[in-house]
Amino acid sequence: MKRLIMSIFCIHLAIIFMAATALGQEKSRFDKNDQCVICHKDLEAMPENFEESDIHMQKGLSCAGCHGGDSTSDDEEVAKRKGSGFIGVPKGKAIIEMCGKCHSDIAFMRQYQPRIATDQVQQYAKSFHGQKLAKGDTKVATCASCHMAHSIFPAIDPRSTIYSLNIPETCHKCHSDEEYMKEYNIPTNQYDKYVKSVHGIALLEKQDTGAPACNDCHGNHGAMPPGISSIGHICGTCHVNNQAYFSKSKMAIEFEEADLHACEECHGNHEIQKTHDDMVGTGETSTCVECHDEGESAYETAEKIHTELIGLVTAFNSANVLLKKIERVGMDDLDMSYAVKDAKQRLLSARTLVHTFDADRVKVKTDEGLEFAKKALAFGKEELDELDFRRFGFGIATFFMTIVLVALYFKIKDMERDE
Ligand code: HEC
Ligand code: HEC
Ligand code: HEC
Ligand code: HEC
Ligand code: HEC
Ligand code: HEC
Ligand code: HEC
Ligand code: HEC
Ligand code: HEC
C-alpha cells in the first residue's frame, strides 16, 4: 500500500515538474543557441529596454531576424562580416525597410498569424509621418518610435506601447515636447487637452476602451489630420446617429461649401466636453449664436429647439422627483418607473435629433417625451392619493383604537376600585 501511495505521489511530482518546465519554456522561447543573444548577454551589451518576452524573441526571430548577420557564429567578426546581411543600427527609412522585410511579406507572415494585416508599410507611406520621412525628415515617427525596437508586444497586451490605454502616452512623447516640435508650425497641446476631454477621461480614468485614443481618429498607420469631409465619418464610426442626422441636414452641405469642419465646429477635437441643452438656443453658451444672428430663420429655429428641450427636461425632472419621493416612502410603481424611463429615452433621442437642425423633428420626440412624463405624473398622483387614503384610514383606526384603550383603562381602574 505504502509503495502505491509513494508511486502516485512520484507521478504527481513528475507531472508538476513537466508542467513547470513547459511554462518556463513559454517564458523564453528564443533559440538557446543564438550566438547573437549569448554573446550580447555575456558582455552585458544588450540593447536598452530589451524584454525577453518581446514578441519576436518569443517566436525565435531574435536579433538576426531584424539586424541581419550570422547567428550561428560566436565570433563577432564572422557574425557581422560583409555578406552576412548585417545592417547594424538602422535609422530613418532603414527602419521602415527592416520591419517591412517581414511585415509586408504575406507568405512569410501567414506562417505565424494567418490574419495579421500586411499593409503597414503601404499605409505608413501615405501618412503625414511617412510623407515627411520620404522627404528626409527623420524626426517624424517611424515603426520603432510607436512600437519600440526591443520590447514589442501585440496591441492587446497591456505592456504594449500601442495598447489602447497607452497610445496617448506614445504620441505624447513627441507631440507634447515643445523643444522637439519647435521647428514645426503646429500646437503641442493635443495631449493636455485630450486628457481633460470627455474621451480622455473615459479612456484613461474610466478605462472605457470604447472611447477613442489618438489612433482611433488619426488612424494607426495613416496618422493624418482627418480631412474636412472625412471627419464626420470618423466621429460617425461611434456616434452613428449624430453623423447620419448631420450629414442629411441642410447645414452639412453649407458647411462643406464654407470650408467648415463638421462636428469639430461645435464640439472641438481634442478638448470635446460633455454637452448640455444650453449649447443649442440663443443664450450665452449656445453654439448657434456663433454663426447666426437675431432675425435669421436659423436663429428662430435654435430658440424653438431649445424651448422644446427645456420643456421636456422640466416635465421629466418633476416626474423623476415624484418617483424618487414615492420610492422613499417604500412604494414602488412599475408603471410609473417605466413611463419615467420612456420619457428619459425620448429626451436623449431629442438631443441627438438636434443634429437635424429641424425644430419640427425635435418637437415630435419632445412631444412623445412629454406624454410619458405626464403619464408618469398621473401614475404618481394616483399612488400618492392612495397613500393619503391609507394614511387617513390608519389615522381613523388609530383614533378608535385609542378610545377603546382609554375606555378599557378606566374600566379596569373601576373594577380595581370596586374590589
Ligand atoms: C562575440 C560577441 C558578439 C556576437 C556573437 C555578436 N555581437 Fe553584436 N555586439 C557585440 C559587442 C561587444 C557590441 C558593442 C561594441 C561594438 O560596437 O562592437 C555589439 C554591437 C552590436 C550592435 C550595435 C552596432 C553598432 O553599430 O552600434 C548590433 C546591432 C549588434 N551587435 C547585433 C548583433 C547581431 C544581430 C548579432 C548576431 C548576428 C551579434 N550582434 C553578434 C558583441 C557581439
Ligand atoms: C524587431 C526588430 C529588432 C530585433 C528583434 C532586435 N533589434 Fe536591435 N534594433 C532594432 C531597431 C529598429 C533599432 C534602432 C532603434 C531606434 O532607432 O530606436 C535597434 C537598435 C539596436 C542597438 C543600438 C541601440 C540600442 O538600443 O542600444 C543595439 C545594440 C541592438 N539593436 C542590438 C540588438 C540585439 C542584441 C538584439 C537581440 C537580442 C536585437 N537588437 C534585436 C530592431 C531590432
Ligand atoms: C524577421 C521578420 C520580422 C521583422 C524584421 C519584424 N517583425 Fe514584427 N513580427 C514578425 C512576426 C512573424 C510576427 C507575428 C508573431 C505572432 O504573433 O505569431 C510579428 C509581430 C509583430 C507585432 C505584433 C503584431 C500583433 O498584433 O500580433 C508588432 C507590433 C510588430 N511585429 C512590429 C514590428 C516592428 C515595429 C518591426 C521593426 C522594428 C518588426 N516588427 C520587424 C516578424 C518580423
Ligand atoms: C504613429 C505610430 C505608429 C507607427 C509610425 C507605426 N505603427 Fe504599427 N501600430 C500602431 C498602432 C496604434 C497600432 C494598432 C493598435 C490597435 O490595433 O489598437 C499598430 C499596429 C501594428 C501591427 C499589428 C497589426 C495591425 O496592423 O493592426 C503591426 C504588425 C504594426 N503596427 C507594424 C508596424 C510597422 C511595420 C510600422 C512601420 C512601417 C508601423 N507599425 C508604424 C502605431 C504605429
Ligand atoms: C518620434 C516622434 C513622434 C511620434 C512618436 C509621433 N509623432 Fe506625429 N509627428 C511627429 C512629427 C515630427 C510630425 C511633423 C510635424 C509637421 O511637419 O507639421 C508629426 C506629424 C503628425 C501629424 C500631422 C500634423 C499636421 O501638421 O497636421 C499628426 C496628425 C500626427 N503626427 C499624429 C500622431 C499620432 C496620432 C501619434 C501616435 C499614434 C504620433 N503622431 C506619434 C512626430 C511624432
Ligand atoms: C476625437 C478624435 C480625435 C482624437 C481622439 C485625437 N485627435 Fe488629433 N485631431 C483631430 C481633428 C479633428 C484634428 C484637426 C484636423 C483639422 O482641423 O484639419 C486633429 C489634429 C491633430 C494634429 C494637428 C495639429 C493640431 O493640433 O491641429 C495633431 C498633431 C494631433 N491631432 C495629434 C493628436 C494626438 C497626439 C492625440 C492623442 C493624445 C489626438 N490627436 C487625439 C481629432 C482627434
Ligand atoms: C472610438 C469611438 C469614438 C469616436 C471615434 C468618437 N467618439 Fe465621441 N464618445 C465616445 C464615447 C464612448 C463617449 C462617451 C464617453 C463617456 O462619457 O463615458 C463619447 C462622448 C462624446 C461626447 C459627449 C457626449 C455627452 O453625452 O455629452 C461628444 C460631444 C463626442 N463624443 C463627440 C465626438 C466627436 C465630435 C468625435 C469626432 C471628432 C468623436 N466623438 C469621436 C466614442 C467615440
Ligand atoms: C460654424 C457656423 C455655424 C454654427 C455654429 C451653426 N450654424 Fe446653422 N448654418 C450655418 C451656415 C453657414 C448655414 C447656411 C447659411 C444660412 O442659412 O445661414 C446654416 C444654416 C442653418 C439652418 C438652415 C437655414 C434656414 O434658413 O433654414 C438652420 C435651421 C440652422 N443653421 C440651425 C442652426 C442651429 C440650431 C445651430 C446651433 C445648434 C447652428 N445652426 C449652428 C453655420 C452655422
Ligand atoms: C452646429 C453645431 C453642431 C454640430 C455641427 C454637431 N453638433 Fe453635436 N451637439 C450640438 C449640440 C448643441 C448638442 C447638445 C444637445 C443637447 O444636449 O441638448 C450636441 C450634442 C452632441 C452629443 C451628445 C448628445 C447625443 O446625441 O448623445 C454628441 C455625441 C454629439 N453632439 C456628436 C456630434 C457629432 C459626431 C457631430 C458630427 C457628425 C456633431 N455632434 C455635430 C451641436 C452640434
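What you are looking at is a predicted structure, and each value in this text was computed from that prediction instead of being measured.

What counts and how
Residues numbered from 1 in each chain as written. Chains lettered and ligands numbered in written order. Predicted model: local features only at pLDDT ≥ 70, side-chain atom pairs only at ≥ 80, totals over all residues. Heavy atoms only, no water. Donors = N, O, S within 2.8 Å, 3.2 Å for Na, K, Ca; no water. Tetrahedral: all angles 85-135°; square planar, octahedral: opposite > 155°, others 65-115°. Helix = DSSP H or I, 4+ residues; strand = E, 2+ residues; numbered from the N terminus. Buried < 20%, exposed > 50% of the residue type's maximum accessible area, 1.4 Å probe, protein only. Near = heavy atom within 4 Å. Polar contact = N/O pair within 3.5 Å; in protein donor to acceptor, adjacent residues only side chain to side chain. Nonpolar A, V, L, I, M, F, W, Y, C, P; charged D, E, K, R; others polar. Domains from an automatic or database assignment. Patch = residues over 30% accessible without salt bridge, like charges linked within 9 Å, V, L, I, M, F, W, Y side chains within 5 Å. Areas by Shrake-Rupley, 256 points an atom, 1.4 Å probe, with all protein chains shown as cover. Salt bridge = Lys/Arg side-chain N within 4 Å of Asp/Glu carboxyl O.

> Account for the coordination of the iron atom of ligand 7, with residues named and values stated.
Metal coordination angles in their ideal form are 109.5 degrees for the four-donor tetrahedron and 90 or 180 degrees for the six-donor octahedron. Coordination sphere of the iron atom of ligand 7, protein contribution only: His199 (NE2) and His239 (NE2), at 2.0 to 2.1 Å. Each of the 6 donor atoms bound to the iron atom of ligand 7 contributes to angles spanning 87 to 178 degrees, and the resulting shape is octahedral. Linking His199 in helix α14 (residues 198–205) with His239 in the loop between α16 (231–236) and α17 (240–248), this pair joins segments that are 40 residues apart in sequence. When its relative accessible area of 18% is taken as the criterion, His199 is described as buried.

> Provide a residue-level description of the site of ligand 9, including the pertinent values.
Near ligand 9 there are 20 residues, and of these Cys263, Cys266, His267, Asp277 and His355 occur at the shortest range. In this structure, an oxygen atom belonging to ligand 9 sits 2.6 Å away from a side-chain N or O atom of Asp277. Mapped by element, the contributors of at least two residues to the shell around ligand 9 are α17, α19 (262–267) and α21 (334–353). Considering each element in turn, the shell around ligand 9 owes the most residues, 4 residues, to α19. Counted by class, the shell around ligand 9 contains 10 nonpolar, 8 polar and 2 charged residues. When residues of the shell around ligand 9 are assigned to domains, at least three fall in each of domain 1 (228–263) and domain 2 (297–418).

> How would you sum up a nonpolar patch on the surface? Please name residues and give values.
On the surface, Phe392, Ile396, Phe399, Phe400 and Ile403 cluster together into a nonpolar patch covering about 540 Å² of accessible area. Relative to the assigned elements, Phe399 resides in helix α22 (residues 359–418).

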